[in-house]
Amino acid sequence: QVQLVESGGGLVQVGGTLTLSCVVRGIVVSRQTMGWYRQTPGTQREWLATITNDDTILYGDSVKGRFTIARNHANNTVDLQMNRLKRSDTAVYSCFVDMWGTRSWGQGTQVTVSS
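Residues numbered from 1 in each chain as written. Predicted model: local features only at pLDDT ≥ 70, side-chain atom pairs only at ≥ 80, totals over all residues. Heavy atoms only, no water.

**Quick look at the environment of Arg31**
So the rule is basically this: Think of it this way: any DSSP run of H or I at least four residues long counts as a helix, any run of E at least two long counts as a strand, and we number them from the N terminus.
With respect to the helices and strands, Arg31 occurs in the loop between strand S3 (18-25) and strand S4 (33-39). With 24 residues separating them in the primary sequence, Arg31 and Asp55 have C-alpha atoms 9.0 Å apart.

Here it is, written out as structure tokens:
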């Protein structure tokens, strides 16, 4: 009933900027808690950012001050703007939504940061 699809990943240079989008079908994003994680091969998935159902915003320490999460009500998306990117930001980025006590995930989008 709920589908999430990430987009916007790709190759970017160190110090650059990239914006990811998570489009949601079946719900209105303004009424749900949503957020972003990332994961590299062989590592634990790392929490990055959450926007709650009452619009409280929280960030992980590794991205605080560089990444911004926001709702785009016109497009029914939750976006993640990533600034001053580092090589260590290279990962697969996935979005989630919490509904009825269950967390649903998108398929992920690859971000690669290099010189």
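Next comes the rest of the write-up.
**Focus on unusual backbone geometry**
Convention followed: Think of it in three bands: with a 1.4 Å probe and only protein chains considered, a residue is buried below 20% of the maximum accessible area for its type, exposed above 50%, and partly exposed in between.
Although it is not a glycine, Asp55 sits at a positive phi angle of roughly 70 degrees. As for its placement among the helices and strands, Asp55 is situated in the loop between strand S5 (46-51) and strand S6 (57-59). Using a relative accessible area of 48% as the deciding quantity, one classes Asp55 as partly exposed. The residue Asn76 is not glycine, and still its phi comes out positive at about 55 degrees. The residue Asn76 is located in the loop between strand S7 (67-72) and strand S8 (77-82) in this model. The class of Asn76 is buried, set by a relative accessible area of 16%.

**Let's talk about the state of the cysteines**
So the rule is basically this: Note on disulfides: each one is a pair of cysteine sulfur atoms within 2.5 Å.
The final tally for this structure, using the stated rule, is 1 disulfide. Each sulfur in the disulfide pair Cys22 and Cys95 lies 2.0 Å from the other. The chirality of the disulfide connecting Cys22 with Cys95 is right-handed, given an S-S dihedral of about 60 degrees. Of the two residues, Cys22 sits in strand S3 while Cys95 sits in strand S9 (residues 91-99), which places them 73 residues apart along the sequence. No difference in accessibility class separates Cys22 from Cys95, as the two residues are buried.

**Overview of the nonpolar core**
The criterion, for reference: Take the buried Ala, Val, Leu, Ile, Met, Phe, Trp, Tyr and Cys residues and link them wherever side-chain atoms come within 4.5 Å; each set so joined is a nonpolar core. Between two residues, a contact is recorded if the distance between any of their heavy atoms is within 4.5 Å.
Ranked by size, the top nonpolar core spans 27 residues in total, and within it Leu20, Met34, Trp36, Leu80, Met82 and Tyr93 carry the most contacts. Contributing elements (two or more residues each) for this core: S3, S4, S5, S7, S8, S9 and strand S11 (109-114). Here this core takes 5 residues from S9, the largest share from any one element. The residues contacting Leu80, other than those within four sequence positions of it, are Leu18, Thr19, Leu20, Trp36, Leu48, Ala49, Phe67, Thr68, Ile69 and Tyr93.

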